[in-house]
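Read off the chains here:
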Amino acid sequence: MATPKHNANGHRRREVVKRVKAEESDCALCDKPVDKSLTYLAGQHGKRCSKPDCQGCIPDPRRAEVDEDIPRSRGGSPYARKNCRLMHRECNRWKGTMTLAEARAKLHGDTGQPLPKPRPLRVY
Ligand SMILES: [Zn+2]
Ligand SMILES: [Zn+2]
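The rules we used
Residues numbered from 1 in each chain as written. Chains lettered and ligands numbered in written order. Predicted model: local features only at pLDDT ≥ 70, side-chain atom pairs only at ≥ 80, totals over all residues. Heavy atoms only, no water. Helix = DSSP H or I, 4+ residues; strand = E, 2+ residues; numbered from the N terminus. Buried < 20%, exposed > 50% of the residue type's maximum accessible area, 1.4 Å probe, protein only. Contact = heavy atoms within 4.5 Å. Lys, Arg positive; Asp, Glu negative; His and termini not counted. Salt bridge = Lys/Arg side-chain N within 4 Å of Asp/Glu carboxyl O. Donors = N, O, S within 2.8 Å, 3.2 Å for Na, K, Ca; no water. Tetrahedral: all angles 85-135°; square planar, octahedral: opposite > 155°, others 65-115°. Phe/Tyr/Trp six-rings, centres within 6.5 Å; stacked < 30°, edge-to-face > 60°. Lys NZ or Arg CZ within 6 Å of the ring centre and 35° of its normal. 1 Å grid on protein atoms, 1.4 Å probe; cavity = no way out; pocket = protein on both sides within 12 Å on 5 of 7 lines; lining within 4 Å. Points joined across faces, edges and corners; volume = space filled by probe spheres on them. Nonpolar A, V, L, I, M, F, W, Y, C, P; charged D, E, K, R; others polar.

S.K.: Explain the overall build of the chain here, please?
M.R.: Along its length, the chain carries three helices and four strands. Going residue by residue from the N terminus, the α and β elements of the chain occur as α-β-β-β-β-α-α. Expressed as a percentage of its 124 residues, the buried residues of the chain come to 35%. In the chain, the proportion of contacts linking residues at least 24 apart, taken out of those at least 6 apart, comes to 59%.

Below, the structure written as structure tokens:
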């Protein structure tokens, strides 16, 4: 795994991710505990997997990920500790480009107006 050039921002991001995973234990979106030991689904493989000794290479949808409260695409910093929160992978995917407040309002239905049914969480 050679990195062609030193990536300072990648390093900063890794430091924030490490801190969030160390400091938080519940999902910022669904409020349920996140099992930080989860990695890949055992025995489930991607289409291009050809390793005979692979134990599984589909990311567990419940594994821990760190996402931005305000998404990068909307000006949030992926390097600011206060903008980064622990989430389940599937919650992170569901959140998409919403802010955490928007996603929570949509998930918990407390916007004061009727909402379309949230699309079901699915495995990526
Ligand atoms: Zn969650
Ligand atoms: Zn595999």
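S.K.: Sorry if this is basic, but what is going on with the side chain of Arg-63 here?
M.R.: With respect to the helices and strands, the residue Arg-63 is situated in the loop between β2 (58-59) and β3 (64-68). One buried charged side chain, Arg-63, makes no salt bridge at all; its nearest oppositely charged neighbour is Glu-65, positioned 4.1 Å away. Residue contacts for Arg-63: discarding those within four places in its chain leaves Val-34, Asp-35, Leu-38, Thr-39, Tyr-40, Met-87, His-88 and Arg-89.

S.K.: Please explain helix α3 (residues 100-108) as it appears in this structure.
M.R.: Every α-helix carries 3.6 residues per turn, so stepping three or four residues along brings you back to the same face. Residues Leu-100, Ala-103 and Ala-105 constitute the buried set of α3. Once α3 ends, the next one or two residues include Gly-109, with phi positive near 65 degrees.

S.K.: Whenever I open this one, the coordination of the zinc ion (ligand 2) confuses me. Can you help?
M.R.: Ideal coordination angles are 109.5 degrees for a metal with four donors arranged tetrahedrally and 90 or 180 degrees for a metal with six donors arranged octahedrally. Within the protein, His-45 (ND1), Cys-49 (SG), Cys-54 (SG) and Cys-57 (SG) serve as the donor atoms for the zinc ion (ligand 2), at 2.1 to 2.4 Å. In this structure, the zinc ion (ligand 2) is coordinated by four donor atoms arranged in tetrahedral fashion, with angles at the metal of 100 to 114 degrees.

S.K.: Would you explain the packing of aromatic side chains in this entry?
M.R.: Describing an aromatic ring pair means giving the distance of the ring centres and the angle of the ring planes. Taken as a whole, this structure holds zero aromatic pairs when the rule is applied. Its end group placed over the ring of Tyr-40, Arg-63 keeps NZ or CZ at 5.2 Å from the ring centre.

S.K.: Looking at this structure, how should I read the layout of surface pockets?
M.R.: To find leftover empty space, one rolls a probe the size of a water molecule over the atoms. Approximately 190 Å³ is the volume found for the largest pocket. Around the largest pocket sit Arg-13, Val-17, Lys-21, Glu-65, Val-66, Asp-67, Glu-68, Arg-72 and Asn-92, which together line it. Elements with a contribution of two residues or more to the lining of the largest pocket: α1 (8-23) and β3. Sort the elements by how many residues they give to the lining of the largest pocket and β3 lands first, with four residues. The residue makeup of the lining of the largest pocket, split by class, is two nonpolar, one polar and six charged.

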